[in-house]
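Structural description and commentary
Each chain, letter by letter, is given below.
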Amino acid sequence: MNHPITIVVLVDANRKTRNVALGKELASGGAGTVYQVTGEPATVVKLYHSETLRQVGKEYADKIFCLLQNVPSLPSSAAGIIQLSWPFAMARDVSGNFVGFAMPTLDFNKTESLECILVPKMAGQKSLRSDLGARITVAANLAGVVSAIHDKGHRIVDLKPVNLRLYRQELYVAVLDCDGFHVNMPGRAFSAPQTTPEYTAPEFQNKHIAEPEHQDRFALAVIIFRLLNFGIHPYDGIAKKNNAPTDRQGRLARGMYPYGIKPHGFIDPLHVSAHSCFPNELRLYFDRAFGSLPTIRPTSREWANILRKYASRSSALLAKCKSGHWWFIGQPCGDCYRELVINRFRSPGSRQFRAQPSPHVQPSPHVQPSPQVQQQPSISVTGWKPPKTARNAWYLLPGFRTHVNSLLIIGGLLLLVFAFSNYKSLFNDPSNFGRVTLSPKAKNGLDEVVARAKTVKLEVIIVIGHADRIEQAGDQDISLGRAGAAKEYLVSQGIPFDRIYVEGKGNREPLTKPGQCTGSMSEQVIECLEPDRRIDIEVIGTK
């Protein structure tokens, strides 16, 4: 669509103005057209179509103004790398009317659509590095940019590979269409109505995106899964029961994720999937992302932290197998496994096979070292639920019952009460206010739970997380995160993951009494509220 405007006035965040001339048209979409600025190769201007301005021009003007005031602090990158097509000035016509915005020029000659690295064959055609080291570096860089956007309160919503550009050599990722984000500003939020079904969370399929944060976490996890698993979508699979959906969209809408640690009852994974060759901690992250509880999906920061750990040369967590593929050290090589599967299916004979771990010989040189970051705890989710009578009538069941009444782990009281023996330990850990990490003393308490649980025929461990009134007001995931951190630790100590049920109670069940710990946030109030920051655990089993 041709635009009659040839001169625009750029107004930056400090209200400084300058006139620029528009050059050739670079691209055009449903909302507007992008032009090169004459004499400024590093700047382009997006002018909205007249119909767009007539219908939603005022909203776009307010939205762009908000973006100018809330610019993400991006992770460091090489010179000349644009990681966000973020507006840096509003564009007005000579009469002062809002018509669009200016943004930095993204060099399309140095980048490809992220879709190109997702499919191995396409990556080869584009001469892109597509070994695991490259793909996990791309995933880490993407998560870092998304985390920076989230830190400013913005949400992408329509996060998908076609809106992302990959720098071929540097492996950085650029995010496009920032004016389409869900944008926050004091007293007002600008929604992002556009979504793509295969990257839309099950709870928002054909619905309004009521929780943009949950949607972003889901879409980011889908992209990361595809990056690590040779382009396979996490809801691709093989129906093994007649009433199971045979299409991806049907499985996604019903939350049928077949690549979890616990096999799905209705859907099998694709044979060529290498998910079983991932480290357990990454599989637990994906179980969180595609489980039934949106609130415990890993955040973009959690993904950035764990992926940077694997992408860092200094961590030496990737190594080469005998065939020269880079893969996770100590795991069966995913590339070799895929090749084995493909070859078996191409040739006649048995299809019963198992990938064997390939020897790893040296640390990976695929990326520059990055600083080690503290990893946030993972939470695995299972659809298994305890019997309705388990909590209230455990003593009616035959045999010995071990009942762990209350485990106050984080920042408070540690109390283990068993049927025939008592164990008590008191400690203060105020540094865990607002955090979900487990302290050494908390892990010692969980070790006691593991030891007692292994003395019975385990039916279920019920883990309930709690938060105090101050911290839970700031983060609705804290109580569930605490329960999840305990669950992950129990799994690491040998407790079957499908025997652990987690739940977050928020601040609804405090141990402090009304009238206690009054006042606004202070060190004294935080210390007073320590008993409310806890985890309750029930271990139910028979001798």
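This text gives an overview of the structure that appears in the document.

Quick notes on the overall build of the chain
Looking only at helices and strands, the chain features 13 helices and 20 strands. Looking at the 543 residues of the chain, the share that counts as buried comes to 54%. Here the analysis covers contacts within the chain between residues at least 6 apart in sequence; of these, 66% occur between residues at least 24 apart. For the chain, the computed accessible surface area is about 24,400 Å², with 51% contributed by carbon and sulfur atoms.

Things to note about the side chain of T111
Position of T111 relative to the elements: it lies in strand β7 (residues 111-113). In this structure T111 touches L106, R165, L166, Y167 and R168, once residues within four positions along its chain are discounted.

A short note on the state of the cysteines
Covalent bonding between the sulfur atoms of two cysteines defines a disulfide. Considering all chains together, one arrives at 1 disulfide under this definition. Each sulfur of the disulfide joining C517 and C528 lies 1.9 Å from the other. Disulfide C517-C528: torsion about the S-S bond near -70 degrees, hence left-handed. Taken together, the residues C517 in the loop between β19 (500-504) and α13 (523-528) and C528 in helix α13 connect sequence positions 11 residues apart. Judged by its relative accessible area of 8%, C517 falls in the buried class. You can call C528 partly exposed: its relative accessible area is 32%. Here C321 stays unpaired: no disulfide links it, and the sulfur of C336, its closest cysteine neighbor, is 3.6 Å away. For C333, which is in no disulfide, the shortest distance to another cysteine sulfur is to C336 and amounts to 3.6 Å.

Focus: the packing of helix α7 (residues 280-289) against helix α8 (residues 300-311)
Across the interface, α7 lies against α8 with an axial gap of 12 Å and an inter-helix angle of 160 degrees. Accordingly, the angle class assigned to the pair α7 and α8 is roughly antiparallel. α8 is crossed by α7, and the crossing has left-handed handedness. In contact with E281, L282, Y285, F286 and R288 of α7, α8 contributes E302, W303, I306, K309 and Y310. Along the lines of polarity and charge, the residues of the contact of α7 with α8 split into 6 nonpolar, no polar and 4 charged.

Definitions and cut-offs
Residues numbered from 1 in each chain as written. Predicted model: local features only at pLDDT ≥ 70, side-chain atom pairs only at ≥ 80, totals over all residues. Heavy atoms only, no water. Helix = DSSP H or I, 4+ residues; strand = E, 2+ residues; numbered from the N terminus. Buried < 20%, exposed > 50% of the residue type's maximum accessible area, 1.4 Å probe, protein only. Contact = heavy atoms within 4.5 Å. Areas by Shrake-Rupley, 256 points an atom, 1.4 Å probe, with all protein chains shown as cover. Disulfide = S-S within 2.5 Å. Axes fitted to C-alpha atoms, helices over the stretch in contact; angles between N-to-C directions. Parallel < 35°, antiparallel > 145°, perpendicular 65-115°, else oblique. Left-handed = near helix turned anticlockwise from the far one by under 90°. Nonpolar A, V, L, I, M, F, W, Y, C, P; charged D, E, K, R; others polar.

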